[in-house]
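Residues per chain, in single letters:
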Amino acid sequence: MKCSKCGADLPEGKLFCEVCGEEINIVPSYDPDSDISIDLTNVFETTREIDAEEIKQKKSIQTSNSIRKSNSNSGNKKKPVKKIKYDDSFDDFDDSPWDDDSDEDNGMDFIYGIIDFWRKNIVTKIILIMAVVLIFAVILTGVFYIKKLTEKKSSDYYYELGQECFNNNNYEDAIDYYEQGLDIEPENLKIKYAIADAYLSSGQDTNAVFILKEIATEHPEVANGAYEKIFQIYYDNNDWAAINDILINCDNEDIVNKFQEYLCKAPKYSVESGEYDDTILLELVAAPNGHIYYTLDGSDPDENSIIYTDPIYLESGAYDVKSIYISDLGVKSDIAEENYNIKVLIPLAPMVSIEGGSYNVPILISVNSDVNCKTYYVCYRANVKEADRLDPDPIDNKDNTFEYTGTPLIMPMGASEFRFVSYNELGIPSTVITRKYNITIPDATVSKEEGANIATAYRYSLGGLADLDGTVSTTGGKFEYIIEDAINIRNTIYYVINEYYVDKSNGDKRTLTGLRYAVNTKNPEDYGTLEVNTNGDFYVIKEQGTPIN
């Protein structure tokens, strides 16, 4: 084929004339009159991969030809030949044969560029692809790194680090990470619970409780759960006082009610401090799971002080009443105190030595009376209805009222109720004092029925009875021997058998004769008459009687 410009012969496949540098047009000119069908086979066969050396050679030829033409036509004022600019990049031809300023050619530029790229050798294409992949990898790595840097500033990041350390029993580092998370988000409940667990696991109970209290205070919606954790810590340490301290100052009624058994508040008084012109029946109120102890002289009460069981009777005088509540768990409340100044003319109420309550060993009851006063009492056993129980009165209830003469009273067996009252010289009564007792003897080997029979036989042996049924031949009446009391004499417990006379002629009216007998609750051979000396000491005398046939 020949160059269209200089006519030089050209080898097949050449894109530029090696003589003048003219571009070889391998695409035939379109002739509308010719066959519209064009065979492109030869076109593509003559097209081959552009060789960089050939491109440079073409540039060199064009440049040298331009220079020669410029020299040969230096005297002519012809338009200078446009120089072809060469860019060292592998695919940029600023003045390629298909490059001009038209919009249509710009669109073709992009298509030819793609074709040009795919005609590169395989090594070049691999390098370019790897370069693109590497760029994307660098971008993704940068994004990931930036994300990690951002996460390092979040509370969740430090929480996860703390959890990892916690699971590996590395509690100190876990606490450090949790604290960093709280620095970023101070109200994060998840981290607060986690750091409390870490403190607890590392033996720092005080710090754990501090965090949980903070949660309960700042987040009322989860206060119940926080308090339960706190109480569990104290419960495991048997620190009941600490639980009580929290409950005392807790405003959450649900928590207080739920853990009522651990609450230990000071007793409340039914009457406020002050001066009064009448006696006071003072009541003390506290939780049921414990006992109230009190003093009347201003000394601090403890478990060795008087146990509160009944209202405290305050008569004329000054009283500094202090009380304390001690729970069954041994927790002590604060001491409550009230002061009273009472000025009345009525006598002081009797002072009973034994407080009401249940006992396994019978105790003698002593009573102290006010000056120039007489004390009276009644004793009701379980068989007397509550409605029939009247206060002691030597006039209106003389059949059941007895004067206390100074001899200690024997505490009845089973349930009983004593009522005491003092009268001064003017006949003005004091306040009635009530004491209820319940005596049981769990280790007795002699039954009550057997003890009564022993006493009856003993009385029969002394004479005066017609038979073992207690019949009295001279009067037509009979004696009955009933075990109603018990007494402790030198650490030996005896049944006390009271003797009653039953008057058959008076509707079987029963009257105490005043005689009493005693039978050992564990030894049926130990029995006799019960006596008391001037000091109020009881003893048993076994008299010699007529042998029973």
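What you see is a predicted model; the values in this text were computed from it and never measured.

**Student:** Now, about the overall build of the protein: what can you tell me, with residues and values included?
**Tutor:** For the protein, the count of helices and strands is 12 helices and 21 strands. Counting the 549 residues in the protein, one finds 34% classified as buried. Excluding contacts between residues fewer than 6 apart, the proportion of contacts in the protein whose partners are at least 24 apart in sequence is 54%.

**Student:** How would you sum up the pairing of strand β5 (residues 290-295)? Please name residues and give values.
**Tutor:** Buried residues dominate β5, accounting for five of its six residues. Looking at chain direction, β5 and strand β8 (residues 317-327) are connected through six bridges and run antiparallel. Note that in β8 the partner of Tyr293 across the bridge is Ile324. Bridge analysis of β5 against strand β6 (residues 306-307) gives two bridges, and the strand direction is antiparallel. Pairing of Tyr294 across the sheet is with Ile306, part of β6.

**Student:** I'd like a description of the environment of Arg435, backed by residues and values.
**Tutor:** Tracing the chain through its elements places Arg435 in strand β16 (residues 433-439). The buried category is assigned to Arg435, whose relative accessible area is 12%. Here the alpha-carbon distance between Arg435 and Glu417, two residues 18 residues apart in the chain, equals 5.8 Å. Among all residues touching Arg435, those that are not within four sequence positions of it are Asp310, Val352, Ile354, Glu355, Gly356, Ser416, Glu417 and Phe418.

**Student:** If you had to explain helix α9 (residues 223-236) to someone new, which residues and values would you point to?
**Tutor:** Over its 14 residues, α9 runs 20 Å from end to end, which matches the ideal 20 Å to within 8%, given 1.5 Å per residue. Among the residues of α9, Ala223, Ala226, Tyr227, Ile230, Phe231, Ile233 and Tyr234 are the ones counted as buried. Down the axis of α9, the smallest arc covering the buried residues is 155 degrees, so these residues share one side. Taken together, the buried residues of α9 touch α7 (189-201), α8 (205-218), α10 (240-248) and α11 (253-258). Positive phi appears at Asn238, one or two residues downstream of α9, with a value of about 55 degrees.

**Student:** For the layout of surface pockets, give the residues involved together with the corresponding values.
**Tutor:** Its boundaries defined by the atoms lining it, the largest pocket holds a volume of some 1300 Å³. Forming the walls of the largest pocket are 38 residues, and the residues nearest its centre are Arg381, Phe402, Glu484, Tyr500 and Leu512. Of the residues that constitute the lining of the largest pocket, the class distribution is 20 nonpolar, nine polar and nine charged.

**Student:** An account of the environment of Cys264 is needed here, citing residue identities and associated values.
**Tutor:** Looking at where Cys264 falls in the secondary structure, it is placed in the loop between α11 and β1 (268-269). According to the relative accessible area criterion, Cys264 is buried, its value standing at 1%. Considering only alpha carbons, one finds Cys264 and Ile243, 21 residues apart in sequence, at a separation of 9.4 Å. Aside from chain neighbours lying at most four places away, what touches Cys264 is Asn244, Ile248, Tyr325, Ser327, Val331, Lys332 and Ser333.

**Student:** How would you sum up the packing of α7 against α8? Please name residues and give values.
**Tutor:** It is the contact of α7 with α8, at a shortest axis distance of 7 Å, that shows an interaxial angle of 155 degrees. Here α7 is positioned roughly antiparallel relative to α8, judged by the angle of their axes. When the axes of α7 and α8 are compared, the crossing they make is left-handed. Within the contact between the two elements, α7 uses Leu189, Lys192, Tyr193, Ile195, Ala196, Tyr199 and Leu200 and α8 uses Asp205, Asn207, Ala208, Ile211, Leu212, Glu214, Ile215 and Glu218.

**Student:** I'd like to hear about a nonpolar patch on the surface, residue by residue, with values.
**Tutor:** Side chains of Ile122, Val123, Ile126, Ile127 and Met130 sit close together on the surface and give an oily, nonpolar patch of about 510 Å² of accessible area. With respect to the element layout, Ile127 can be found in helix α4 (residues 122-151).

**Student:** Any chance you could break down the confidence of the model for the protein for me, citing the residues and the numbers?
**Tutor:** Per-chain confidence: the protein averages 80 in pLDDT, with 78% of residues scoring 70 or above. In this model, residues 29-50 is a region of pLDDT below 50 whose contacts with residues beyond four sequence positions or in other chains number 18 contacts. A low-confidence stretch, residues 69-100 stays under pLDDT 50, and its non-local contacts, those more than four residues away or across chains, total 31 contacts.

**Student:** I'd like a rundown of the sheet that holds β16, residues and numbers included.
**Tutor:** Backbone hydrogen bonds hold the strands of a sheet together, and the pairing may be parallel or antiparallel. Strand order in the open sheet formed by five strands is β11-β16-β15-β13-β14, with mixed pairing between adjacent strands. Of all strands in the sheet, those bounded by a partner on one side alone are β11 (357-359) and β14 (402-403). The pairing of β11 with β16 spans three bridges and is parallel. Paired with Tyr359 across the bridge in β16 is Ile439.

**Student:** Can you explain the nonpolar core? Please cite residues and give values.
**Tutor:** By size, the foremost hydrophobic cluster in this structure holds 55 residues, and its most contacted members are Tyr227, Phe231, Leu282, Leu314 and Tyr340. At seven residues, the largest contribution of residues to this core is made by α9.

**Student:** Explain the pattern of salt bridges to me, and be specific about the residues and the numbers.
**Tutor:** Inspection of the entire model under this criterion finds 18 salt bridges. With its nearest N and O atoms 3.0 Å apart, the salt bridge here joins Lys322 to Asp300. Residue Lys322 is located in strand β8, and its partner Asp300 is located in the loop between β5 and β6; the two are separated by 22 residues in the primary sequence. Two residues, Arg389 and Glu417, come together in a salt bridge whose shortest N-O distance is 2.7 Å. Highlighted residues: Arg389 in the loop between β13 (374-381) and β14 and Glu417 in strand β15 (residues 414-423), separated in sequence by 28 residues.

**Student:** Just give me the short version of the sheet that holds strand β2 (residues 274-276), but keep the residues and values in it.
**Tutor:** In space, the five strands of this open sheet follow the order β2-β9-β8-β5-β6, with mixed pairing throughout. This sheet does not close on itself; its edge strands, each paired only once, are β2 and β6.

**Student:** Report on the side chain of Arg419, specifying residues and quantitative values.
**Tutor:** As for its placement among the helices and strands, Arg419 is situated in strand β15. Its relative accessible area of 10% is what places Arg419 among the buried residues. There is a polar contact of 2.7 Å between the side chain of Arg419 and the side chain of Glu417. If sequence neighbours within four positions are ignored, Arg419 has contacts with Tyr376, Tyr377, Val378, Glu386, Arg389, Leu390, Asp391, Pro392, Val432, Ile433 and Thr434.

Scoring rules and cut-offs
- Residues numbered from 1 in each chain as written.
- Predicted model: local features only at pLDDT ≥ 70, side-chain atom pairs only at ≥ 80, totals over all residues.
- Heavy atoms only, no water.
- Helix = DSSP H or I, 4+ residues; strand = E, 2+ residues; numbered from the N terminus.
- Buried < 20%, exposed > 50% of the residue type's maximum accessible area, 1.4 Å probe, protein only.
- Contact = heavy atoms within 4.5 Å.
- Pairing = 2+ DSSP bridges.
- Expected span 1.5 Å × (residues − 1).
- Arc of directions from axis to C-beta.
- 1 Å grid on protein atoms, 1.4 Å probe; cavity = no way out; pocket = protein on both sides within 12 Å on 5 of 7 lines; lining within 4 Å.
- Points joined across faces, edges and corners; volume = space filled by probe spheres on them.
- Nonpolar A, V, L, I, M, F, W, Y, C, P; charged D, E, K, R; others polar.
- Axes fitted to C-alpha atoms, helices over the stretch in contact; angles between N-to-C directions.
- Parallel < 35°, antiparallel > 145°, perpendicular 65-115°, else oblique.
- Left-handed = near helix turned anticlockwise from the far one by under 90°.
- Patch = residues over 30% accessible without salt bridge, like charges linked within 9 Å, V, L, I, M, F, W, Y side chains within 5 Å.
- Areas by Shrake-Rupley, 256 points an atom, 1.4 Å probe, with all protein chains shown as cover.
- Salt bridge = Lys/Arg side-chain N within 4 Å of Asp/Glu carboxyl O.
- pLDDT = per-residue confidence, 0-100.
- Core = buried A, V, L, I, M, F, W, Y, C linked by side-chain atoms within 4.5 Å.
- Polar contact = N/O pair within 3.5 Å; in protein donor to acceptor, adjacent residues only side chain to side chain.

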